[in-house]
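Observations on the model geometry
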Amino acid sequence: MRRGLGIALALGAAAVAIALLSAVPPHARAGTPGADDQYLSPSEMALSPDGRLLYVVCERSDQLLVLNAKQGVVLRRIRVGHIPRSVAVSPDGRQVFVTNSWDDTVSVIDATTIDAGTRAATRTIATGAEPYGVVVDRAGKTLYVANRISNDVSVIDIATGVQRKRLMAGHGASYMAISADGSRVYCTHVYPRIGAQRTVPQSEITVIDTAREAVVERTPLDGVAGMFHVAVSADGRMGVVAQMRPKNLLPLAHVEHGWVFGHSLTVFGADAGGTIEVPLDELERYYSLQYGVAITPNKSRIFVTASGSDIVTVIDTERLLAFAHGRRRPFVNDLSASANYVMGRIAVGKNPRGVAMSPNGMRLYVANRMDDTLSVIDTASNKSVGTIDLGGSKNISALRRGEQLFTASRYAFQGQFSCANCHIDSTFDGLTWDLEPDGFGKDIVDNRLIEDLSGTEPFKWNGGNPSMAQECGPRTDMYFYRSQSYSPPELADLVDYIYSLPARPSRFRLPDGQLTAAQERGKAIFYRTVNKFGKAIPEANQCAYCHSGPKHTSQKQFDVGTGKWTDRSPIFDTPQLVNIALTAPYLHDESARSLEEIWTVFNPHDQHGATNDLTKDELNDLIEYLRTL
Amino acid sequence: MKPPILTALLLVTLPLAGTVKSAAVKPAAAKNAAEASTTSMPLFRWENFTTANGLPDNHVFAVLVDGDRVWAGTENGLALLEGGRWKVLTPRDGLAHRVVLSLAIDKSTGDLWVGTMGGLSHISAGRIDTYTQLNSGLSNDVVYGVGVQGDFVWTATAAGASRLNTRTGEWSLYNERNTPMAEIWTYAVSTGADKVYYAVWGSGVLEYTIATGRWKDYTDPDGENELVLFRDQGLIHKITTSVSYVDNTLWAATYFGDSHYDGRSWHNFLTKDSGLPSNFTNQVKGLDATRAWFCTDKGLAYYDGVNWAVYRPALDTGKPEMYIRDASGKITSVPVKTAPAHNYMLSIDFEGDDVWVATGKGLSHGIRQK
């Protein structure tokens, strides 16, 4: 009865929210996160080798803040590139490197001039597409950068700024760590490998031998999708990865059974004797979106941020390893296990992300991305002993509130997950989900990108939700969170935030934004009205008929022959094509692993556009054009 | 899988091959040949691998040496010899197809590219990713040749050439529409810092200049005529099977003899005027501008710029055989106790002084004897 009442209240509240929102066109409420410079969004940190200076990357303000770590005072605010994501310091402390994810560069800062007042980077170095994690080798000569869009690792000569090579990494390469002896670099990935449809997600830890500058191992992680930070113990015998385990092959109706997300660590290396997956949730409480991770120098404790739960979890390493070695079978889904090795949960600020540990292991700094502060944790007592205000605006706007809601998991049943679990860093997750309570394996749907959504309504693959308010309100209450979630004002803020998300710049156009010759040929195919034999293509079979307008969607639903026996209806909403190159696999159920397969495998009767008269060259051209959208 | 015309052409080749066979019988009559040339040519002790000692299939199409590791592309999987043990990868492991036709290593990353009868596989630290004509821009699933040039992976397929930009994922296709390729049956590719060469079955050799992005073709000046009217006038034949670009020099193999091109002059090799044991050459691989190895249907030949050495089981008795032909045409038999697994040679690779040879009946390791 109580749950029923809760749902009824939620539906009522959501209806009010929808009514409020419908009065204001979405585009009029939208803004761009980058335009609001009063917020900082600190996300990642690094300490100078002597522990004196703390470098803090601020995603929102495009800055690197330099703090006196002991005093907690901001000394400098250094302008870097657009949407910086990570920072690394050279072993001698003389250079600082910041990855700029939208510029595809690394900013190089001369740390020796910081005391003299420097406020700018001395130079920038080109990387792969969307650089995230960065580490410097022990000689201070080579930079390793994880590139999220190009799915690789740039190996860069620091002196010349030349990319010596790119090493193939996993899908969405993002976070890195280097072993204390400098012999190995570890890379993790936010998206699972693109594999066969409806199979258990697979990820990997990519291991690079720094002497050879080559990938020498890919540690497979079955059932893992969404890997974040990785850390390695000082003795090199233990590595730890923060990660998610989505239960996406099951209907989402089972939220109450904990069958949507598990939040865990992978422990690897000699101490683990291989790889061990360790749950961090509890029976009735989840700690969502594990993100930052640090190991004390003496290896006694592991600290992990639960970015959706505003918590830092403290793990007793000795008890963890003893417990793990005593279990004969995998226990990653045993929610009672964490009580055996979790020694504390420390409340911190909103959306805790990256961490940095002082060289002596006494202090842990936590970047609270959504309230522009750092939490300082005393690692001996496992208590928060201070908060450093980085100087962001205290006036919280609707957009900011919306972003805070987007990352907060407290609205879901038992705090299992937030929007950000599936829309990692406000993108997607590379998974299909069984959302509706209509039986196992029915109506499987691809999780779509949420960039530049204005003008792409309705939502859902069947076009069933006419507005974002309905998508995020009653639908989320009923099918996702299984509990009363957002109040009407909160829902309005959340919708504002989602509509404000801009499209990332295309990495596939020429530097001046123009199209290559192949892309121009592909564009002509996209807009053609006559086939190669001079015969008119029926209007409904022309690419640009369904994929029309600025977002390349007519906002209408069609049967393009891609329905399966598992679908209740073969009619699907026309998806927008914004940044379509980034979101493989494709089609409503991710049955097409690549853009090519949409037409080579799933369009035998030309229902999904007239393409069967195209040669392989021409299909390649069409795809080259689509990749620019 | 070879075109029907090939069968007819093979009939033309056979008499020439017979001539070589008889030449190979002669060495016993040349015992007193000059010692200088015999001692300068490499001697090998051959160790052979077959299904009896771990190879998944005796039909070996390609071999590649990567330090201490040897990869062998066979008709039934990709075999890796490491630490004295064979490991086999098949489609069950994610390989594109069980028939492995070509191999290339990216020396920068250590990754292996594998051309098969069912697509192109990329092996990196044990992970296998496969590109096919359905799931990618690859022009055709039959990948006869593969080569790495910087960030680009070039493939020779049954439907033209493909180039994958590994940084952007873009595929570029090259065929009769945008190159001088009259036939699109590309058999082999060889990459260099400045040029990429293709052996095109029926269209001679295609040259791609990286700086300009332009293609140029080299064909047999005699055209359809199977006779060589003028020696060294150009590519020996347009039915090319293999190319090797090294030290700014092109080596080209055909089913009707082989060619050497230094950018200005051509020099051709036929059984009648060289030490080639057969004009039917499956692969040529240059060591440098003057030295090369030739994998023919009647043995393995080494050319040091002056002299020739041939290694094989004797065509009549099957006993180990090695002979040397010097610049004057004298043939000297070299007594040997071992030979490659078979005389039908398909591919060669080398590491240091040793050679590895893929044959129709096993993989052979030639261990250099001092």
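Please read all numbers here as calculations on a predicted model, not as lab measurements. (Residues numbered from 1 in each chain as written. Chains lettered and ligands numbered in written order. Predicted model: local features only at pLDDT ≥ 70, side-chain atom pairs only at ≥ 80, totals over all residues.)

Looking at the overall build of chain B
Of the regular secondary structure elements, chain B holds 2 helices and 30 strands. By the burial criterion, 54% of the 370 residues in chain B qualify as buried. Considering only residue pairs separated by 6 or more positions, chain B has 47% of its internal contacts joining residues 24 or more positions apart. (Helix = DSSP H or I, 4+ residues; strand = E, 2+ residues; numbered from the N terminus. Buried ≥ 20, exposed ≤ 12 C-beta atoms within 10 Å, placed from the backbone. Contact = placed C-beta atoms within 7 Å.)

Structural notes on the overall build of chain A
Scanning chain A from terminus to terminus reveals 12 helices and 32 strands. Each of the three principal axes of chain A carries a C-alpha extent, and together these read 75 × 65 × 50 Å. The contacts in chain A between residues at least 6 apart in sequence include a share of 57% that link residues at least 24 apart.

Quick notes on helix α9 (residues 517-526) of chain A
All names here are of chain A. Along α9, the residues classified as buried are Ala518, Gln519, Gly522, Lys523 and Ile525. One face of α9 carries all of its buried residues, which in axial projection span an arc of 160°. Against α12 (616-626) lie the buried residues of α9. (Arc of directions from axis to C-beta.)

A word on the nonpolar core
Taken as a class, soluble globular proteins show a tendency for nonpolar side chains to be buried jointly. Counting 147 residues, the largest nonpolar core has A:Tyr55 and A:Val56 as the members making the most contacts within it. The biggest single contributor to this core is helix α8 (residues 488-500) of chain A, with 7 residues. Apart from the residues lying within four places of it in its own chain, the contact partners of A:Val56 are A:Pro42, A:Met45, A:Leu65, A:Leu67, A:Ala367, A:Leu374 and A:Leu390. One finds B:Phe49, B:Leu81, B:Ile239 and B:Trp293 within the second-largest nonpolar core, a separate group that totals 105 residues. (Core = buried A, V, L, I, M, F, W, Y, C linked by C-beta atoms within 7 Å.)

A word on the sheet that holds strand β10 (residues 143-149) of chain B
Residues and elements named next belong to chain B. The antiparallel open sheet is built from 4 strands, whose spatial order is β10-β11-β12-β13. Two strands bound the open sheet, and with one partner strand each, they are β10 and β13 (171-174). Adjacent strand axes in the sheet meet at a mean angle of 20°, parallel and antiparallel pairs treated alike. Here strand β11 (residues 152-157) runs beside strand β12 (residues 160-165); their pairing, made up of 6 bridges, is antiparallel. (Pairing = 2+ DSSP bridges. Axes fitted to C-alpha atoms, helices over the stretch in contact; angles between N-to-C directions.)

Overview of the interface of chain B and chain A
The interface is formed by 20 residues belonging to chain B together with 23 residues belonging to chain A. Partitioned by chemical class, the residues of the side of chain B that touches chain A number 4 nonpolar, 11 polar and 5 charged. (Nonpolar A, V, L, I, M, F, W, Y, C, P; charged D, E, K, R; others polar.)

Let's talk about the domain arrangement of chain A
Residues and elements named next belong to chain A. One can read the domain layout of chain A as domain 1 (2-30 + 398-500) and domain 2 (517-626). Across the boundary between the two partners, domain 1 contributes 20 residues, which contact 22 residues of domain 2. Considering each element in turn, the side of domain 1 that touches domain 2 owes the most residues, 3 residues, to strand β30 (residues 444-446). Broken down by class, the residue content of the side of domain 1 that touches domain 2 amounts to 6 nonpolar, 6 polar and 8 charged. (Domains from an automatic or database assignment.)

Remarks on the confidence of the model for chain B
Residues and elements named next belong to chain B. Residues with a pLDDT of 70 or more make up 88% of chain B, whose mean pLDDT is 89. Every residue in residues 1-34 scores below 50 in pLDDT, and together they form 42 contacts with partners more than four places removed in sequence or on other chains. Complex prediction metrics read pTM 0.90 and ipTM 0.89. (pLDDT = per-residue confidence, 0-100.)

As for the sheet that holds strand β18 (residues 240-246) of chain B
All names here are of chain B. Spatially, the 4 strands line up as an open sheet ordered β18-β19-β20-β21, and their pairing is antiparallel. The outermost strands of the open sheet, each flanked by one partner alone, are β18 and β21 (266-269). Across this sheet, the average inter-strand angle for adjacent strands is 15°, counted without regard to direction. Bridging between β18 and strand β19 (residues 249-254) involves 6 bridges; their strand directions are antiparallel. Of the residues in β19, the one forming a bridge with valine 246 is threonine 249.

Description of the environment of B:Asn140
All names here are of chain B. If you trace the backbone, asparagine 140 turns up in the loop between β9 (127-131) and β10. Spatially, the C-alpha atom of asparagine 140 lies 40 Å from that of arginine 45, the residues being 95 residues apart in sequence. In contact with asparagine 140, not counting residues within four places along its chain, are Gln133, Thr157, Ala158 and Ala159.

Structural notes on the packing of α9(A) against α12(A)
Residue and element names in this part refer to chain A. Two numbers describe how α9 lies on α12: the axes approach to 7 Å, and their chain directions differ by 95°. The angle between α9 and α12 places the two elements in the roughly perpendicular class. Where α9 abuts α12, its residues Ala518, Gln519, Arg521, Gly522, Lys523, Ile525 and Phe526 lie against Glu618, Asp621, Leu622, Ile623, Glu624 and Tyr625. For the contact of α9 with α12, the per-class residue count stands at 6 nonpolar, 2 polar and 5 charged. (Parallel < 35°, antiparallel > 145°, perpendicular 65-115°, else oblique.)

Examining the packing of helix α4 (residues 398-407) of chain A against α8(A)
All names here are of chain A. At a minimum axis separation of 7 Å, α4 and α8 run at an interaxial angle of 95°. Between α4 and α8, the angle is such that the two are roughly perpendicular. Contacts from Ala398, Leu399, Arg401, Gly402, Glu403, Leu405 and Phe406 in α4 reach Glu490, Asp493, Leu494, Asp496, Tyr497 and Ser500 in α8.

Some points on the environment of A:Val376
All names here are of chain A. Position of valine 376 relative to the elements: it lies in strand β27 (residues 373-378). With 19 residues separating them along the chain, valine 376 and methionine 357 place their C-alpha atoms 9.8 Å apart. Those residues in contact with valine 376 that sit more than four places away from it in its chain are Gly72, Arg363, Tyr365, Ser384, Val385, Gly386 and Ile388.

Quick word on α8(A)
Residues separated by three or four positions in an α-helix point in the same direction, a consequence of the helix having 3.6 residues per turn. All names here are of chain A. Taking 1.5 Å per residue as the helical rise, α8 with its 13 residues ought to reach 18 Å, and the 18 Å between its terminal C-alpha atoms agrees with that figure. In terms of burial, α8 is a largely internal element, 11 of the 13 residues being buried. Taken as a whole, α8 has its buried residues at Glu490, Leu491, Ala492, Asp493, Leu494, Val495, Asp496, Tyr497, Ile498, Tyr499 and Ser500. (Expected span 1.5 Å × (residues − 1).)

What about unusual backbone geometry?
All names here are of chain A. Between glutamate 457 and proline 458 the backbone carries a cis peptide bond, its omega angle lying at 0°. Relative to the assigned elements, proline 458 resides in the loop between β30 and α6 (468-472). Cis geometry is found at the peptide bond from alanine 584 to proline 585, where omega equals 0°. As for its position among the elements, proline 585 is in the loop between β32 (571-573) and α11 (595-600). Backbone geometry at aspartate 310 places phi at a positive 60°, although glycine is not the residue there. As for its placement among the helices and strands, aspartate 310 is situated in the loop between β22 (301-306) and β23 (311-316).

Quick notes on the confidence of the model for chain A
Scored by pLDDT, chain A has a mean of 92; 94% of the residues are at 70 or more. Counting contacts from residues 1-35 of chain A, a segment whose pLDDT is below 50, to residues more than four positions away or on other chains yields 52 contacts.

Examining the pairing of strand β28 (residues 383-389) of chain A
Residue and element names in this part refer to chain A. The sheet contact formed by β27 and β28 spans 6 bridges and is antiparallel. Along β28, the bridge assignment pairs serine 375 with threonine 387. The turn linking β27 back onto β28 is made up of 4 residues, and asparagine 382 within it adopts a positive phi angle of 55°.

Quick look at the pairing of strand β25 (residues 308-313) of chain B
Moving residue by residue along a regular strand, the side chains alternate between the two faces of the sheet. All names here are of chain B. In terms of residue burial, β25 counts as a mostly covered element, since 6 of its 6 residues are buried. Residues of β25 alternate between two faces, with Trp308, Val310 and Arg312 on one and Ala309, Tyr311 and Pro313 on the opposite face, all of them buried. In the sheet, strand β24 (residues 299-303) pairs with β25 via 4 bridges, with the strands oriented antiparallel. Across the sheet, alanine 301 pairs through a bridge with valine 310, a residue of β25. Taking the residues between adjacent antiparallel strands as the criterion, β24 and β25 are bridged by 4 residues, where glycine 305 takes a positive phi near 105°. Of the strand pairs in this sheet, β25 and strand β26 (residues 320-325) are connected by 6 bridges, and their pairing is antiparallel. Looking across to β26, one finds that arginine 312 is bridged to glutamate 321. In this structure, the hairpin formed by β25 and β26 is closed by a connection of 6 residues, where glycine 318 is found at a positive phi of approximately 80°.

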